[in-house]
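Chain residues, written in single-letter form:
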Amino acid sequence: MTASTGLSGVNQAEPDTALAPLEVTDLSTTFVANRRRIEVVRGVSFTLRRGETLMLLGESGCGKSVTARSIMQLYGSAAELGGSVRMNGQELLGLPEPALRSLRGGQIALIPQDPTGALDPLRRIGAQLTEVLAVHGIERVKRAGRRRAEELLAMVGIPDPKRVADSYPHELSGGMRQRAVIAIAVSCDPQVLIADEPTTALDVTVQAQILELLAELRERLGTAVLMVTHDVGVAGDFGGQIGVMYAGRLVEEGPAREVLASPRHPYTQGLLDSLPAPDIPRGTLRSIEGSPPGVGAFPAGCAFAPRCPKARPACRGEDPPLRRVRPDRSAACPVVNPATPTPGRAA
Ligand SMILES: Nc1ncnc2c1ncn2[C@@H]1O[C@H](COP(=O)(O)OP(=O)(O)OP(=O)(O)O)[C@@H](O)[C@H]1O
Ligand code: SF4
Ligand SMILES: [Mg+2]
């Protein structure tokens, strides 16, 4: 795919390949309503390079979607954002809305958690695609736009692109609708693709096909992908890096395979222990005891302490930061990962 960038008014220069397409540093999101301030995302940092993937994994309500939408700056005045979100070195937080609009859907695209909301029910798929191409200056001529729309629908594995281009969203199956949403998301050849639970609403076979498609697009287009999921199976299948979130923070990060094989944070361990395994008889499934803290009610110290089997009194004092525990691994638990290993014991 060779479409030009849609970054007019933001940065016309060719991106410096040495700079990461997405660098998030100490991101925080605080919702402000009725004089109440509710901090939902707390100090999230990660870097995504070209063709790389980060899977954000965590239980419902831990702040995955809010992180994704904060990076896109979709909350307007409803939320205060702190920290930094850089694309190829350029700070995005605080950019004026017109520059952000040109950036969204062009250089950075979101596949939202609810795909039906991403499509206009009253317009045919082809018209929706050609509009995006025209708005971002990729194909302004109607006939060329239509041709490109059909190419994009074919690229995302739609077998009959002409028919689908002429269809309204309700005339398509869930899997085909999701493919159309992905076609729109990648239509401007974004450097960064954020996919928020892109397969939740689909049956297992279609889920696998959509994940395969996203992995293929990542390889073919070099897109950096931030994938949000609460499904450990999806996280393992997609590969790349994993960032495990709990109560608005990243508590563990590292290569997906390694994190899933040998977690270094008790929360990640708990998530994995709660998975059904073929050798475990029904009824013996373990889940993490208790439930995550509600937003605005994060406990002092380590937010996982009330549920953590390894908690000590000191855990309720200070909230441990994410620290490097191996060259490519980080975890926010000094109990499992002491800074100075006790002689004779592995860290
Ligand atoms: N616009 C908003 N205003 C206030 N609070 C919000 C808003 N959007 C989300 N929240 C709260 O922020 C918290 C995190 O929500 P988020 O949608 O990020 O969870 P999630 O990790 O994506 O969960 P799920 O797996 O269920 O999608 C939730 O408690 C939610 O109620
Ligand atoms: S810091 Fe303490 S409470 Fe938090 S995960 Fe580690 S052991 Fe558990
Ligand atoms: Mg979500």
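First, a word on scope: everything that follows refers to the structure included in this document. Bear in mind that the values here come from a model prediction, so they are computed numbers and not experimental data.

1. Description of the overall build of the protein chain
Scanning the protein chain from N- to C-terminus turns up 11 helices and 12 strands. Buried residues in the protein chain amount to 43% of all 347 residues. Taking the contacts inside the protein chain whose residues are at least 6 apart along the sequence as the reference set, 64% of them involve residues at least 24 apart.

2. Side note on the site of ligand 2
Contacts to ligand 2 come from 13 residues, most closely from C302, C308, C315, C333 and V335. For the shell around ligand 2, the class distribution of residues is 11 nonpolar, one polar and one charged.

3. A look at the site of ligand 1
Lining the immediate environment of ligand 1, one finds 15 residues, of which F31, S60, K64, S65 and V66 sit closest. Those elements that provide at least two residues to the shell around ligand 1 are β2 (36-48) and α1 (64-71). With three residues, the single largest contributor to the shell around ligand 1 is α1. When its residues are assigned to classes, the shell around ligand 1 shows seven nonpolar, seven polar and one charged.

4. Side note on unusual backbone geometry
Negative phi values dominate among residues other than glycine, just as trans dominates among peptide bonds. Despite not being glycine, D26 shows a phi value in the positive range, around 55°. Mapped onto the secondary structure, D26 falls in strand β1 (residues 22-33). On the neighbour-count criterion, D26 (11 C-beta atoms within 10 Å) is exposed. Positive phi is not limited to glycine here, since N34 has a value of about 50°. Mapped onto the elements of the fold, N34 is located in the loop between β1 and β2. Here N34 falls in the exposed class, since 4 other C-beta atoms lie within 10 Å of it.

5. Observations concerning the pairing of strand β3 (residues 53-57)
Most of β3 is tucked away: five of the five residues are buried. Side chains of β3 alternate between two faces, with T53, M55 and L57 and L54 and L56 buried alike. Pairing geometry for β3 and strand β8 (residues 224-229), over five bridges, is parallel. Residue pairing for β8: M55 is matched across the bridge by M227.

6. Overview of helix α7 (residues 174-186)
Think of an α-helix as turning once every 3.6 residues; residues three or four places apart then point the same way. Between the first and last C-alpha of α7 there are 18 Å, a value that for 13 residues agrees with the 18 Å anticipated at 1.5 Å per step. For α7, the complete set of buried residues consists of M176, R177, Q178, R179, A180, V181, I182, A183, I184, A185 and V186.

7. Observations regarding the packing of helix α4 (residues 125-135) against helix α5 (residues 142-155)
Between α4 and α5, the least distance of the axes is 9 Å, while the angle of their chain directions is 115°. Relative to α5, the element α4 lies roughly perpendicular. Our pair here, α4 against α5, has a crossing hand that is right-handed. Contact with α4, carried on its side by G126, L129, T130, L133 and A134, involves K142, G145, R146, R148, A149 and L152 of α5 and no other residues of that element.

8. Focus: the packing of α4 against α7
At a closest axis distance of 9 Å, the pairing of α4 and α7 adopts a crossing angle of 15°. One element, α4, and the other, α7, form an angle in the roughly parallel class. Crossing hand, α4 versus α7: right-handed. Where α4 approaches α7, its residues I125, Q128, L129 and V132 are matched on the opposing element by A180, A183 and I184.

9. What about the sheet that holds β1?
Strand order in the open sheet formed by four strands is β2-β1-β4-β5, and the pairing between neighbours is antiparallel. For this open sheet the edge positions go to β2 and β5 (90-91), each flanked by a neighbour on one side alone. Where strand β4 (residues 79-87) meets β5, two bridges bridge the pair, whose relative direction is antiparallel. If you follow M87 over to β5, its bridge partner there is Q90.

Procedures and definitions
- Residues numbered from 1 in each chain as written.
- Chains lettered and ligands numbered in written order.
- Predicted model: local features only at pLDDT ≥ 70, side-chain atom pairs only at ≥ 80, totals over all residues.
- Helix = DSSP H or I, 4+ residues; strand = E, 2+ residues; numbered from the N terminus.
- Buried ≥ 20, exposed ≤ 12 C-beta atoms within 10 Å, placed from the backbone.
- Contact = placed C-beta atoms within 7 Å.
- Near = placed C-beta within 6 Å.
- Nonpolar A, V, L, I, M, F, W, Y, C, P; charged D, E, K, R; others polar.
- Pairing = 2+ DSSP bridges.
- Expected span 1.5 Å × (residues − 1).
- Axes fitted to C-alpha atoms, helices over the stretch in contact; angles between N-to-C directions.
- Parallel < 35°, antiparallel > 145°, perpendicular 65-115°, else oblique.
- Left-handed = near helix turned anticlockwise from the far one by under 90°.

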